[in-house]
Amino acid sequence: MRFTLFILGSLFSVCAFAGIYKCTDAAGKTNYQAKSCDQQHKTVEINVKTGSANSLDEPDQEKQVLEQKQQDEKLEQEQLLKKQNQLKQDAMSESAKNRFLIKNNPEKFSAFSIPPYDFDELPEPVKNYQARLPDIERLRRQAAEKALASGLCNRVEGSELHGTSSKKALVFSVDCSSGKNFHFTEQELTQ
């Protein structure tokens, strides 16, 4: 019976002391203790039964890294949304200038000569250049004005981004009521 109590007592003590804590301070000094370390020490739990060690600081660090990553992603999304909203606002401003020009010059521009592009529903050729939509709206207006200035165009019927555009050079097509068609590159319009 004593032997059985001795065995049970030994097993109980091993279970009770299964975890030992290795505490390392900032200077590198290490202490081993039965209770958890304070926050100023790096804590590693050592399992006496299995001999395995588990850093108790890493989950907090991993959690902090994960939280920081989530915050960074959220900030990036907010900045992207802000940039997109600014882009929409700039495009709407250029479209308003186009409408003002058309309204004040009905003899030179048909009512639908420079229809505004809707940022969320862009035609296929324009989708590829969505980030440059304010520039496209401004250059469409400039292309229409340049066609009128040539003396070969009496009235602008349409001014659109042409399908031959590339990232290096946007191309604009202007159709006139006289049947004349003009093509202007971005470089020609910005000179």
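To be clear, the structure that these remarks concern was listed above.
Residues numbered from 1 in each chain as written. Predicted model: local features only at pLDDT ≥ 70, side-chain atom pairs only at ≥ 80, totals over all residues. Heavy atoms only, no water.

Enquirer: Please explain the overall build of the protein as it appears in this structure.
Expert: When its secondary structure is counted, the protein shows 5 helices and 7 strands. When the helices and strands of the protein are read in sequence order from the N terminus, they spell out α-β-β-β-β-α-α-α-β-β-β-α. Across the 191 residues of the protein, 27% fall into the buried class. Sequence-distant contacts, at least 24 apart, represent 44% of the contacts inside the protein between residues at least 6 apart. A total accessible area of about 13300 Å² is found for the protein, and carbon and sulfur atoms account for 54% of it. (Helix = DSSP H or I, 4+ residues; strand = E, 2+ residues; numbered from the N terminus. Buried < 20%, exposed > 50% of the residue type's maximum accessible area, 1.4 Å probe, protein only. Contact = heavy atoms within 4.5 Å. Areas by Shrake-Rupley, 256 points an atom, 1.4 Å probe, with all protein chains shown as cover.)

Enquirer: Looking at this structure, I do not really get the packing of aromatic side chains. What am I missing?
Expert: In this description, a pair of aromatic rings is defined by centroid distance and the angle of the planes. For the structure on display, the rule yields 1 aromatic pair. Ring geometry for Phe182 and Phe184: centres 5.7 Å apart, planes at 5°, overall stacked. The same class applies to Phe182 and to Phe184, which are both buried. One Lys or Arg, Arg140, reaches over the ring of Tyr117 and ends 4.0 Å from the middle of that ring. The aromatic ring of Phe182 is capped on one face by Lys180, whose charged end is 5.5 Å from the ring centroid. (Phe/Tyr/Trp six-rings, centres within 6.5 Å; stacked < 30°, edge-to-face > 60°. Lys NZ or Arg CZ within 6 Å of the ring centre and 35° of its normal.)

Enquirer: Can you help me understand the nonpolar core in this one?
Expert: Nonpolar side chains in soluble globular proteins generally cluster together in the buried interior. Within the largest apolar cluster, 28 residues are counted, with the highest numbers of intra-cluster contacts made by Ile136, Leu161, Phe172 and Val174. Mapped onto this core, the elements with two or more residues apiece are helix 2 (57–104), helix 4 (133–149), strand 5 (156–161), strand 6 (171–176) and strand 7 (181–185). With residues up to four places along the chain from it excluded, the contact list for Phe172 reads Ile136, Leu139, Arg140, Ala143, Glu160, Leu161, His162, Phe182, His183, Phe184 and Leu189. (Core = buried A, V, L, I, M, F, W, Y, C linked by side-chain atoms within 4.5 Å.)

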